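The primary structure of each chain is shown beneath.
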Amino acid sequence: MVGEDADIRVVKNSNTTRARSRWAGVAGVLAATTAATTVGPLASHEWVHPRGLFSLMTVAALACVLAATVVISLADRREMAEVGLLGTMLMAASVMPLVHGLVTPDVLFETNEAFRSSAFLALPIALVGGLPLLAPHSTFGRWAARRWRDWTLLSLLGVFVLASLIVFFPDLIVAPDPRGPLTIAVTAGVVWALSALSMRQMRFYDLGRQPANLVASVSLMLIAVMGISPLIVDPYTTGFWWTHIAGAFGVIGACLALAVTQRLSPSAHDVLAPILTRDPLVAFELGLSPVVHQFVADIEVKDVLTRDHVIRTGELAMRVGERFRLSAPELRDLGLAAMLHDVGKVHVPDAILKKPARLTAAEYEVMKLHPVDGESMLASEPALASAARIVRSHHERVDGAGYPDGLVGREIPLASRIIAVCDALDAMTHDRQYRRAMPLNMAFAILREHAGSQWDEQVVEQVMATIPSMPQENAFDLVGRDDDLERTSIPDDIGELLLTVDAEI
């Protein structure tokens, strides 16, 4: 991408988003409380009560294990890899604290190394289970997203084996010195990783506006507070109790929040099934209002092919938006606009919309009204008004030859430019009533040929870069084959073909 592109500079500046401001405020309060109880004026207070700690940790950890089990089960039923991997991480973060409580000195065990080693290992092991979430776009992250059940089984098997060894051989593993460089480095890494996951949930909140994501974000920050416990030298101080209680509330809160996000109606699941097969768009889907579902249902009643087209276009556009590093609110508007870009076609007569041949000039003029009709329909709904202008402009061309306003270049919203390319690519690569889908390599060649005139060059580049990572089960059956990504010749009648595609989309 070119650095001087004003649109891209703006959308990359995510430090100014409301999500980060909210997240930073809560993180500041938790950091101040942790500092006050660990190194501040409250740090010297002690409450030595081994049985109290034993009761707190065993009861809380067992509750967390049960909650994590529910989350993993729901994720398995809903085919949601992101939630399943988070559940795996939370399960691991519950098992080792359970061991920590069981080996509390002077209750069931004498003084032992397991008391410190279980606390030291708890979150690093949990983050190993959730490692795919920290690198979702890596080869490993994509593999784990597809095979998340296998990864969960392998991770939890390792956790339970290690936990059993620590319980039966409590002096087997010795934790490093609380103030040593290894402990400090591991603690810093744990806090950073959990903060990143917390911020991810906050971004999901901005996408879907689901309170459960906000709760999950705060809960992950509480778990990050628990990550400070290996640095505490003396047990039973105020900071010791605070980190343990924060961790317990964090794990339970995160599990409950993730469980709540699974409350998706079957009808909504069916309408948006293509999007649900890929995370992290789950957050966006869960936040869709009934109005959106009704609009999509209206499109399906009018024309099933159009409904399937807009769903595929919506997913591809949001994937491309992620490559442009759009902020969460901008990505949400892009997703709404992409999914509803053809909603204005519900006003197009069936004789024109479903005509099994090329449209006449008069019919094409009727079809060209759908961006304006779509804008009016979205503008009348407060929750969708921010996407209305994007819908209006999705048929504009960067050379000014588009409609309805003849906008040029950067006058066209970036989201509209993204939808225009995704819209055309999907139309060209899928069957219609009177023509077969063209090969993906030919569609790519057409996009390249008309980049800079009909479509934005940078958007074309990013769309073609996005396609290989798209899930094969959603669309684009030819994706992933090297020969599909090579350049190819363009047929002589391409001008007529583009007019046909433009009328279709």
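This one's a predicted model, so the numbers in the text were calculated from it and none came from an experiment.

1. Observations concerning the overall build of the protein
If you tally the helices and strands in the protein, you get 25 helices and 0 strands. By sequence separation, contacts in the protein at least 24 residues apart represent 75% of the contacts at least 6 residues apart. On the protein, roughly 21,300 Å² of surface is accessible, and the fraction owed to carbon and sulfur atoms is 61%.

2. Focus: the pattern of salt bridges
Inspection of every chain in the model, using the stated rule, returns 12 salt bridges. For Asp426, the salt bridge identified is with Arg312, shortest N-O distance 2.7 Å. In this pair, Asp426 is assigned in helix H22 (residues 414-428) and Arg312 in helix H16 (residues 304-323), connecting sequence segments 114 residues apart. Of the two residues, Asp426 and Arg312, both sit in the buried class. Of the charged contacts, one joins Glu365 and Lys368 as a salt bridge, the two residues approaching to 3.4 Å between their closest N and O atoms.

3. Details of helix H5 (residues 114-129)
If you check H5, its first and last C-alpha atoms are 21 Å apart, about what 16 residues at 1.5 Å a residue would give, namely 22 Å. The axis of H5 is deflected most strongly, by about 35°, at Ala122, and proline Pro124 appears within four residues downstream. Counting buried positions over the 16 residues of H5 gives 13, a clear majority of the element.

4. Side note on the state of the cysteines
Cysteine pairs can be covalently joined through their sulfur atoms, and such a bond is termed a disulfide. Taken as a whole, this structure holds 0 disulfides when the rule is applied. Cys64 takes part in no disulfide bond, and the closest cysteine sulfur to it belongs to Cys255, at a distance of 6.3 Å. Given the relative accessible area of 4%, Cys64 is considered buried.

5. Observations regarding the confidence of the model for the protein
Low pLDDT means the predicted coordinates in that region are not meant to be read closely. On average, the protein scores 78 in pLDDT, and the residues at 70 or more come to 76%. Counting contacts from residues 264-288, a segment whose pLDDT is below 50, to residues more than four positions away or on other chains yields 69 contacts. For the stretch residues 473-490, pLDDT sits under 50, and the model shows 40 contacts to residues farther than four places along the chain or on other chains.

6. Notes on the side chain of His244
With respect to the helices and strands, His244 occurs in helix H11 (residues 238-260). Setting aside chain neighbours within four positions, we find His244 in contact with Leu53, Met57, His100 and Ser229.

Analysis parameters
- Residues numbered from 1 in each chain as written.
- Predicted model: local features only at pLDDT ≥ 70, side-chain atom pairs only at ≥ 80, totals over all residues.
- Heavy atoms only, no water.
- Helix = DSSP H or I, 4+ residues; strand = E, 2+ residues; numbered from the N terminus.
- Contact = heavy atoms within 4.5 Å.
- Areas by Shrake-Rupley, 256 points an atom, 1.4 Å probe, with all protein chains shown as cover.
- Salt bridge = Lys/Arg side-chain N within 4 Å of Asp/Glu carboxyl O.
- Buried < 20%, exposed > 50% of the residue type's maximum accessible area, 1.4 Å probe, protein only.
- Expected span 1.5 Å × (residues − 1).
- Bend = angle between axes of the 7 residues up to and from the residue.
- Disulfide = S-S within 2.5 Å.
- pLDDT = per-residue confidence, 0-100.

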